[in-house]
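Single-letter residue listing:
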Amino acid sequence: ALGPGFTLLAQDPASATATAFSAAAQAADVPLTLAALPPEADDAYGTMNVLVRPDTYVAWAGDHLDAGAHAAAVLARAIGGTGAAQNGHATAECHKSVASGA
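These lines cover the structure that appears in this document, whether it is placed above or below. Model, not experiment: these values are computed from the prediction.

To continue, consider the packing of aromatic side chains. Across all of its chains, the model carries one aromatic pair by this definition. A centroid spacing of 5.2 Å and a plane angle of 50° characterise the contact between Phe21 and Trp60, whose relative ring orientation is tilted. Taken together, the residues Phe21 in helix H1 (residues 16-28) and Trp60 in strand E4 (residues 58-62) connect sequence positions 39 residues apart. Of the two residues, Phe21 and Trp60, both sit in the buried class.

This is the structure in structure tokens:
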């Protein structure tokens with residue numbers, strides 16, 4: 001289910017958060033795959049959305065974003081730029097690998 005670039009695992013791939021990440025990725029020319037996160041995965045991740053880097057580490061996790069500009073900041077930080085991450089967990093705070101389940 002993970003794409004070759006970034007992947008947003010979302011309980012609702014049509015949500016405002018998923019739409020904001022899709023728009024931000026398109027604007028930044030960053031490959032992003034949207035994948036449905038089953039509700040039972042909430043126990044494992046503790047959130048409705050998980051942004052996974054190409055190396056399978058979690059770049060951001062949260063339930064909602066306030067605005068599309070925030071999604072752009074999260075993505076910028078995840079690809080090595082600067083960006084304030086709010087209403088979720090910044091890249092530096094998340095070191096869990098999706099592939100290993102660690």
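Don't stop here, the text continues.
If you check the backbone angles, Asp29 has positive phi at about 55° while not being a glycine. Structurally, Asp29 is set in the loop between H1 and strand E2 (32-36). The exposure class of Asp29 is exposed, given its relative accessible area of 70%. In this structure, Thr56 is a non-glycine residue whose phi angle is positive, near 75°. Residue placement: Thr56 occurs in the loop between strand E3 (49-52) and E4. Owing to a relative accessible area of 18%, Thr56 belongs among the buried residues under this scheme.

Next up on the list: the nonpolar core. Of all hydrophobic cores here, the largest spans 17 residues; its most connected members are Leu8, Phe21, Leu51, Trp60, Leu65, Ala71 and Leu75. Ranked by the residues each element gives to this core, the list is headed by H1, at five residues. The contact partners of Leu8, leaving out residues within four places of it in the chain, are Thr17, Ala18, Phe21, Leu32, Thr33, Leu34, Ala35, Asn49, Val50 and Leu51. Within the second largest apolar cluster, eight residues are counted, among which are Ala35, Ala41, Val50 and Val52.

Bringing the environment of Thr19 into the picture now. Looking at the secondary structure, you find Thr19 in helix H1. Residue Thr19 is classed as partly exposed on the basis of its relative accessible area, which comes to 46%. C-alpha separation for the pair Thr19 and Leu34, spaced 15 residues apart in sequence, amounts to 9.5 Å.

Cut-offs applied
Residues numbered from 1 in each chain as written. Predicted model: local features only at pLDDT ≥ 70, side-chain atom pairs only at ≥ 80, totals over all residues. Heavy atoms only, no water. Phe/Tyr/Trp six-rings, centres within 6.5 Å; stacked < 30°, edge-to-face > 60°. Helix = DSSP H or I, 4+ residues; strand = E, 2+ residues; numbered from the N terminus. Buried < 20%, exposed > 50% of the residue type's maximum accessible area, 1.4 Å probe, protein only. Core = buried A, V, L, I, M, F, W, Y, C linked by side-chain atoms within 4.5 Å. Contact = heavy atoms within 4.5 Å.

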